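Listed below, chain by chain, are the residues.
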Amino acid sequence: MTREAPPPSTTFDPLERWNDALTALQLLQIDPHGFGGVCLRAPHGPVRERWLQALADLGLGLVKVPGSVDSERLLGGIDLAHTLQTGQLHSQAGLLQQADQGLVCLPMAERLSPALLAPLVQALEQGQVPPHRHSAEPTLTRFGVVALDESLPDEPGVGAALAERLGLWLDLHALSPSDIHADWADAHTEGLQLRLSPGALTRAREMLAQVQASDDQMQALCAAAWGLGIGSLRVPSLALRLACAHAALNGRQALAADDLGFAARCVLAPRATQWPAEPSAQEAAPAPQEDDTPPQEPQEPPEPPKNAEEATEKEPEKDQDPSPPPEQNTEPSAQDLQDMLVAAALASLPPHMLDALMTRQGASSPQSSGRSGQTRAGSQRGRPLPPRPGRPGGQARLHVLATLRAAAPKQRLRQAHSTGRVAIRAEDFHIQRYQQRASSCLILALDASGSAALQRLAEAKGAVELLLQQSYARRDSVCIVAFRGAQAQLLLPATRSLVRAKRAMTGLPGGGGTPLALALKMAHEQAAQLQRQGVTPILVVLSDGRANVTLQGLGGRAQAQTDAHNWGQQWRASGHRALWIDTSMQPDAQAQQLASTMGASYLPMPQVQSQRMAQAIERVRKPSP
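Heads up: these notes are all about the structure in this document. Along each chain, the written sequence defines residue order, and numbers are assigned to residues from 1. This being a predicted model, a pLDDT of at least 70 is required before a residue's local features are given, and a value of 80 or more before pairs of side-chain atoms are given or counted; all residues contribute to the totals for chains, interfaces and linings. Only hydrogens and water are set aside; all other atoms, that is, all heavy atoms of the structure, feed into the side-chain values.

### So, the overall build of the chain
1) Next: Numbering of helices and strands runs from the N terminus; a helix is a DSSP stretch of H or I covering at least four residues, while a strand is a stretch of E covering at least two. Helices and strands together make up the secondary structure of the chain, namely 24 helices and 18 strands.
2) Next: Relative accessibility thresholds used throughout: buried, under 20% of the residue-type maximum; exposed, over 50%; partly exposed, between the two (1.4 Å probe, protein chains only). Of all 625 residues assigned to the chain, the portion counted as buried reaches 44%.
3) Next: At a minimum sequence separation of 6, the contacts of the chain that also span at least 24 residues come to 76%.
4) Next: Computed with the Shrake-Rupley method and a 1.4 Å probe, the accessible areas treat only the protein chains shown as cover for residues. Accessible surface computed for the chain: about 33,400 Å², of which carbon and sulfur atoms make up 51%. Contacts are assigned to residue pairs with any non-hydrogen atoms lying within 4.5 Å of each other.

Pasting the structure below:
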């Protein structure tokens, strides 16, 4: 059984977070692959080591997959060392096959390459390892994942494809050894029973198949996820699965508030991207009940009884058949459950966690492309790096000279088993490595319409100068698109020259209409051209979003807004990051809606400031943690 959780509070409680982390160990025994696994964000230290030690003591099949593993070792293939020793072809089972009905541990999961994450996520989703060139059929395997995220708050975390499929998200950054010392000591002295007995484990798994959730509870989970800004349907499904496992652990056949609260803290809260919207006054006021019955005419008061006998005859009629009082419904409604889940999720968040979400939303898009200045390891081209030990295969090429250099000192020890040739073993293999630096281009769409255009252009000029000075080492470039009147103009093609950027923005006239759709169309065309050149485009729109010029250069606000939304959807489909800086005096609903359509970060900035604008753009350049 789980330990008794502290009563719910409105502040972040470290002990409650540690209690949830220990409860996660018990749930991994019941359903190791039903809810995907655990994403543990914690730095190196005694807190994480204690949790990992408790995980190792559970006796589950735990297979560690290092980040340097190759595809053949992960998915299965040729056993190269055995093949070299015997001279015959031998195959080996991959690490994912060895982890069947157990757990896969991923140290430093935030640094796993996409080439390694793709087959891992596919095997986790489908429950099987795809066939390789030496096998005809796929191999069935079911496992859970324990991803150890060691990234800092300003660094990218675990890949979105893997993190989305892991139900439990635990964050132990806020815990210190002093917070859990007494709790951990009591756990060992009292025999916490983190490892379930065979009988208790069998009962919990049988109970899991019988746990039922009501329609209101499922609706509340979906509504709470939507209110916290979670758009994936997989997340409430994982929350429901985890709540059912929590109920089965405690011997319940129906979900209780504790089960839903645990799912809200460990599944919904870490994925929150926004604060839930407050209901408006009209929505909060109860709607008047409509009565379809026609109004009745006022009835005349009854005549008083003529004598005492009639009065005594009518008095008992008042007491006959009294109607019973209406029964009160004690079950919480779907709205009450939703409010409870949202409150539990927000209470488990550390303070100031969601303050920077406005500028991170666009950068955290699952389809967003790479960032400026990011180094990409490759095996085909780029700057040569020192060779490292590894297994050749796929795109990894053998570094012959380094391999011979590693095998040369060991030839005398291997002469007894050699046939006159150079004896090479698997531990001698070295592979070639190259490094490439990905560059990006900032597409700046400037709204030169309206009376405040000159001030916006002047501050945008200052921001561009700051960005070009900061991005010189990354070899990034800037492209400027200005729109006013009835057309959009490519003011500056992609360039790294600060002098050209200053000259292009000098003397640009302002005023006129707002052809926003034409600007988004031109920015999309420039982004497609840059992507073909291997450059990552990032769009920054500086406008109030009040489009009034259509694609044909004609007036009409309704059609102009429709055209702008269409091209905003085109940008979102491209998967590139974007930032919308709203220059209205008050945050405008049209600009927010357009930013949401584009999948862009939204930042209101009534008084445009070059330094603040450059900092906001720099945050969008970096991938979110």
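### Observations regarding the environment of Ala174
1) Next: Within the fold, Ala174 resides in the loop between β9 (168-171) and α8 (177-189).
2) Next: Its relative accessible area of 40% is what places Ala174 among the partly exposed residues.
3) Next: When the C-alpha positions of Ala174 and Arg17 are compared, they lie 9.1 Å apart, and in sequence the two are 157 residues distant.

### Details of helix α21 (residues 516-532)
1) Next: With 17 residues, α21 should reach 24 Å at 1.5 Å per residue; the first-to-last C-alpha distance of 25 Å fits that figure.
2) Next: If you check which residues of α21 are buried, you get Leu516, Ala517, Leu518, Ala519, Leu520, Met522, Ala523, His524, Gln526, Ala527 and Leu530.
3) Next: One or two positions beyond α21, positive phi appears at Gly534, with a value near 80°. An expected span of 1.5 Å times one less than the residue number is assigned to each helix.

### Some remarks on the pairing of strand β13 (residues 440-447)
1) Next: Counting buried positions along β13 yields eight of eight residues, so the element is predominantly enclosed.
2) Next: Burial along β13 is two-sided: Ser440, Leu442, Leu444 and Leu446 and Cys441, Ile443, Ala445 and Asp447, pointing in opposite directions, are all buried.
3) Next: Looking at chain direction, β13 and strand β16 (residues 536-543) are connected through seven bridges and run parallel. Counterpart to Leu444 in the pairing with β16 is Val540. Think of it this way: DSSP has to see at least two bridges between two strands before they count as a pair.

### Here's the deal with the nonpolar core
1) Next: As used in this record, nonpolar core signifies buried Ala, Val, Leu, Ile, Met, Phe, Trp, Tyr and Cys residues forming a set joined through side-chain atoms within 4.5 Å. Trp18, Trp51, Leu55 and Leu268 are the most contacted members of the largest nonpolar core, which totals 62 residues.
2) Next: The greatest single-element share of this core, amounting to ten residues, is contributed by helix α11 (residues 234-249).
3) Next: Not counting chain neighbours up to four residues away, the residues in contact with Leu268 comprise Leu221, Ala224, Ala225, Leu228, Ile230, Val235, Ala239 and Ala263.
4) Next: With 32 residues, the next largest nonpolar core counts Ala445, Ala519, Ala564 and Ala578 among its residues.

### Thoughts on the pattern of salt bridges
Any two side chains of opposite charge can pair, given that their charged atoms come close.
1) Next: By definition, a salt bridge exists where a carboxyl oxygen of Asp or Glu is found within 4 Å of a side-chain nitrogen of Lys or Arg. Inspection of the entire model under this criterion finds twelve salt bridges.
2) Next: Between Arg252 and Asp259 there is a salt bridge, and its shortest N-O distance comes to 2.5 Å.
3) Next: Arg252 gets classed as partly exposed once you look at its relative accessible area, which sits at 25%.
4) Next: Taking relative accessible area as the criterion, Asp259 reaches 0% and is therefore assigned buried.

### Things to note about a nonpolar patch on the surface
1) Next: By definition, no residue in a patch forms a salt bridge, and every one has over 30% relative accessible area; like charges are joined within 9 Å, nonpolar side chains (Val, Leu, Ile, Met, Phe, Trp, Tyr) within 5 Å. On the surface, a nonpolar cluster with roughly 330 Å² of combined accessible area is contributed by Leu398, Val400, Leu404 and Val422.
2) Next: Its place among the elements puts Val400 in helix α17 (residues 400-407).

### Overview of unusual backbone geometry
Trans is the common state for peptide bonds, and a negative phi is the common state for residues other than glycine.
1) Next: A positive phi angle, close to 65°, is found at Gln101, a residue other than glycine.
2) Next: In this structure, Gln101 sits in the loop between α5 (95-98) and β5 (102-106).
3) Next: Not every positive phi belongs to a glycine, and Met108 is a case in point at roughly 50°.
4) Next: The residue Met108 is located in the loop between β5 and α6 (114-126) in this model.
5) Next: Taking the relative accessible area as the measure of exposure, Met108 reaches 36% and is therefore partly exposed.

### Topic: the sheet that holds strand β8 (residues 143-149)
1) Next: Read from one edge of the open sheet, five strands run β2-β5-β8-β1-β9, paired in parallel fashion. Bordering the open sheet on either side are β2 (62-64) and β9, each of which pairs with just one other strand. When the angles between neighbouring strand axes are averaged without regard to direction, this sheet yields 20°.
2) Next: Where β2 and β5 come together, three bridges link them in parallel fashion. All axes are obtained by fitting lines to C-alpha atoms, using only the stretch in contact for helices, and the reported angles, taken between N-to-C directions, cover 0 to 180 degrees.

### A look at the environment of Ala223
1) Next: With respect to the element layout, Ala223 can be found in helix α10 (residues 215-227).
2) Next: Of the residues examined, Ala223 reaches a relative accessible area of 25% and is grouped as partly exposed.

### Some remarks on α11
1) Next: Under the 1.5 Å per step criterion, the end-to-end length of α11 is 23 Å for 16 residues, consistent within 8% with the ideal 22 Å.
2) Next: Within α11, twelve of the 16 residues are buried, which leaves it mostly tucked inside the rest of the structure.
3) Next: Taken together, the buried positions of α11 are Val235, Pro236, Leu238, Ala239, Leu242, Ala243, Cys244, Ala245, His246, Ala247, Ala248 and Leu249.
4) Next: Tucked inside the fold, the buried residues of α11 contact α1 (14-30), α7 (160-164), β9, α9 (198-208), α10 and α12 (257-268).
5) Next: With its phi angle positive at about 75°, Gly251 sits one or two positions after the end of α11.

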